[in-house]
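Below are the chains, spelled out letter by letter.
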Amino acid sequence: MNTYDPSEPVIRVVDILSTEVNGQTVLLSIEQQKYFSMRTTSQRVWQLLEAPCTLAQICERLVEEYDVEPQACEREAETFLRDLWEQRLIRSSDATH
Amino acid sequence: MSTHFHVLHGVRIVSDLRLTDVPASAPDPDPQVSIRIATVPRRLANATCTLRSSQTDGEQWLFSAPGVARYLVTAGNEISIEAEHDASEEAVMAFLLGTTWAACCHQRGLLIMHASVALIDGHCVAFVGVSGAGKSTLAALLAARGHRIASDDTCVLTLDGDGAVRVHPSFPRVKLWSDGLSILPAEAAPTPAIQPGKFKISIENHWLSESLRLHHVMELADDRNGATTGFETLSGLQATLAVTTNTFRPRLVQLLGRQRENFAMSAAVAKAIGVHRWCRPWGRDRQGEMIDMLSRWIQRPAR
């Protein structure tokens, strides 16, 4: 599997079921047979990842919506996206599968 | 061949075989599932997924219980059974009402749970937990205290349009590990065991056969590892997992490709009603304490 490239647009992988329960986003990765959950800001990022977006685009939105410094936002968002990538929850939106 | 009508987990059935233990119902002009004695193939020509004893081609699910019978479930509305000539009726029935029925429910898109269900002071509670957690024993103890029981082993949950969750009961019997026997009410006499160690006991006097509005799902834990007894309300992923991981025959959900639906329904149930974890006092000499603890929690003032 390729490593995460922050300049590339990414999107959720297909085989994920995502729903909201008691304010948490809960996810099932069908391919991996694993469950995940997200709260607060990570939920917002996950929501944005329904369509292809780059790290810069995500940060632009988060800075608009939350009280956060752009640099801190980028640092944390990149770590989070890298995490999602390694958990195989997102993929490059340019890839064919 | 005679025709039998039953309702199991809210599903209307017509059957060539009388379903032992499942109460008979009135003749139904429009049954949802038909159970037939018929020829059943040894394998599916276009199987897409094969396990040791079962396979599916997407539309059909074939299950083979060696020395007992082969079962073919089609589109959630037809079950064909070809029994081995020397198979006992009890064994044929056990595989029909266990794994085969679970596959039929999964094909129908129903959320079938491994849970016992009791109505306690007007609150309907589904108890879930790993095998051996004490679901059946708890049902028997609650019956002995005069509470009504709707399931000792499996039930189906459905979501009503208004956001309510309904529980559709199974049939009246409690399967207990043999050390659970001593707490049963005096009138309940054990009938012969199907599996070694498990007893089939009728609790018909305490049985609820109609569907009910479910109020709580309660995951059973105990204090054997030194944990403090008490109740904890679960939310989000924990609550969803308490439902989805206690689906009856979870490997079939996977085999039949119903995980997406199963997860969505489990999340919807977790969202709609209370999901809790109950760490109980463990041990036969503490059963009274355990039931008192549950009664107090049920009767607690609304928050």
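Quick note: structure is the one above.
Please read these numbers as outputs of a predicted model, since none were measured by experiment.

Asker: Can you walk me through the sheet that holds strand S20 (residues 230–234) of chain B in this structure?
Answerer: Either a parallel or an antiparallel arrangement is found when strands of a sheet pair, and the pairing is made through backbone hydrogen bonds. Residues and elements named next belong to chain B. With mixed pairing, the 6 strands of this open sheet are ordered in space as S12-S10-S11-S19-S21-S20. Two strands lie at the open edges of the sheet, namely strand S12 (148–151) and S20, each paired on one side alone. With direction set aside, neighbouring strand axes in the sheet form an average angle of 30 degrees. Helix H6 (residues 287–298) contacts strand S10 (116–120), strand S11 (123–128), strand S19 (216–222), S20 and strand S21 (274–280) of the sheet and is inclined by roughly 150 degrees relative to S21.

Asker: Would you explain unusual backbone geometry in this entry?
Answerer: Negative phi is the rule for most residues except glycine; trans is the rule for most peptide bonds. Residues and elements named next belong to chain A. Of note in the backbone geometry, Asn22 takes a positive phi value of approximately 50 degrees without being a glycine. Within the element layout of this structure, Asn22 appears in the loop between strand S2 (16–21) and strand S3 (24–29). If you check the backbone angles, Thr40 has positive phi at about 40 degrees while not being a glycine. Its place among the elements puts Thr40 in helix H1 (residues 40–48).

Asker: Any chance you could explain the interface of chain B and chain A here in plain terms?
Answerer: Reports of interface size often rely on the accessible area that becomes lost once the parts have come together. Counting from both sides, the interface comprises 16 residues of chain B and, opposite them, 17 residues of chain A. Regarding the contact of chain B and chain A, the summed buried area is about 1300 Å², with carbon and sulfur atoms giving 63% of it. At the surface where chain B touches chain A, the tally comes to 1 salt bridge. Here A:Asp15 ties to B:Arg260 by a salt bridge, and the two come within 3.4 Å at their closest N and O atoms. Inspection of the region where chain B meets chain A yields 5 residue pairs in polar contact (both at pLDDT 80 or more).

Thresholds applied
Each chain carries its own residue numbering, running from 1 in the direction its sequence is written. Here chains are named by letter from A upward and ligands by number from 1 upward, in the order in which they appear as written. Local features in this predicted model are restricted to residues of pLDDT 70 or higher, and side-chain atom pairs are both shown and tallied only at a pLDDT of 80 or more, whereas totals for entire chains, interfaces and linings draw on every residue. Where side-chain values are given, they derive from all heavy atoms of the structure, hydrogens and water being excluded. When DSSP finds two or more bridges between two strands, those strands count as paired. Here a strand is any run of E in DSSP of at least two residues, a helix any run of H or I of at least four, and the numbering for each starts at the N terminus. Working convention: axes come from line fits to C-alpha atoms, limited for helices to the stretch in contact. Angles between N-to-C directions cover 0 to 180 degrees. By definition in these notes, contact holds between two residues if any of their heavy atoms fall within 4.5 Å. Here the quantity called buried area is the accessible surface, traced with a 1.4 Å probe, that two parts lose on coming together, added over both. Put simply, a salt bridge is a Lys or Arg side-chain nitrogen that is within 4 Å of an Asp or Glu carboxyl oxygen. Under this definition, polar contacts are N or O atom pairs within 3.5 Å; protein pairs additionally need one hydrogen-donor-capable and one acceptor-capable atom, and for neighbouring residues in sequence, both atoms have to be side-chain atoms.

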